[in-house]
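Below, each chain spelled out in residue letters.
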Amino acid sequence: MSTTKYPPALTLAEAVRVVSEMYAQHKSREISADLMPDIFRVKQSSSYFPAKIAALQKFGFAEKHINDQLYLTDRAMMIVDPVLIAETHGAKLEAAKEIDVLKELCAKYPNFQLPSADQLKQYLMKSFGIIRDTVEKWYDFVVESFRELAVDAPKSVASSKASGEHENWLQETRAKPEASRPLDRHFQNIQLPSGNIFEFSLPENVTIDDLNFAIGFFELRKKVQSKDAEPK
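In short, a report on the structure. (Residues numbered from 1 in each chain as written. Predicted model: local features only at pLDDT ≥ 70, side-chain atom pairs only at ≥ 80, totals over all residues. Heavy atoms only, no water.)

## Quick word on the pattern of salt bridges
Counting across every chain of the model gives nine salt bridges. Across the pair Glu148 and Lys92 runs a salt bridge whose closest N-O atoms are separated by 2.6 Å. Remark: Lys92 occurs in helix H5 (residues 85-96) and Glu148 occurs in helix H8 (residues 135-151); sequence separation between them is 56 residues. A single burial state applies to Glu148 and to Lys92, both of which are buried. Across the salt bridge formed by Asp152 and Lys92, the nearest N and O atoms sit 3.0 Å from each other. Of this pair, Asp152 sits in the loop between H8 and helix H9 (155-158) while Lys92 sits in helix H5; the two residues are 60 residues apart in sequence, bridging distant segments of the chain. Under the relative-accessibility criterion, Lys92 is labelled buried at 3%. (Salt bridge = Lys/Arg side-chain N within 4 Å of Asp/Glu carboxyl O. Helix = DSSP H or I, 4+ residues; strand = E, 2+ residues; numbered from the N terminus. Buried < 20%, exposed > 50% of the residue type's maximum accessible area, 1.4 Å probe, protein only.)

Written out as structure tokens, the structure reads:
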């Protein structure tokens, strides 16, 4: 299998950041391309500017409408304003599969644990025809994209064999209607003992009831994972 010489101009992680900032800053699904340089972190005159727009389109996160308006797709909205917590990871995974290299690697490494750097680079060159001059760029693209996929991968839920537990978990974690959700979120990251990253945000007006609801969600998640760990 052969692929293009260079990877998309945005990794999956960068694309997720871009659509999140687009929605957070402008509070709209439709944003003028003229407002994108600061979010893309490149000048509009740069050759990277249209390449980054093309990358958003390739991931299925944005459509380009008349008058250079960028419209966030339903897939992007599952990331920036999900109805179900599980939607976020699902949307990222579907976006990754739009790129042939990521699609094949996701199938080969479904737990998102990549092999050594040398092995991965050899695989990229032999399986996709990537030349040695650009394999480093592809390697960085893959690693950063997989890191984003691993952040919120629902490992215990995906592996759950308990009847109905997955569906019950989704129902318990249904978010509030859009009108009641604050858009100004302050994201925080905590490195867990396993090495995974726990990302969360709390609005400034969080209530005790909100915190109790969140604690209840984690208690449910712990119960599901503990049951998965029991000897079969």
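## Side note on the sheet that holds strand S1 (residues 30-32)
The sheet built from three strands is open, its strands ordered S1-S3-S2 with antiparallel pairing. With one partner strand each, in any of the chains shown, S1 and strand S2 (62-65) form the two edges of the open sheet. Taken pair by pair, the neighbouring strands of this sheet meet at an average axis angle of 30°, ignoring direction. Direction of pairing for S1 relative to strand S3 (residues 69-72): antiparallel, over a ladder of three bridges. (Pairing = 2+ DSSP bridges. Axes fitted to C-alpha atoms, helices over the stretch in contact; angles between N-to-C directions.)

## Some details on H8
The terminal C-alpha atoms of H8, which comprises 17 residues, lie 24 Å apart, in line with the 24 Å expected from a rise of 1.5 Å per residue. Looking at H8, one finds that the buried residues are Val135, Trp138, Tyr139, Phe141, Val142, Val143, Ser145, Phe146, Glu148, Leu149 and Ala150. (Expected span 1.5 Å × (residues − 1).)

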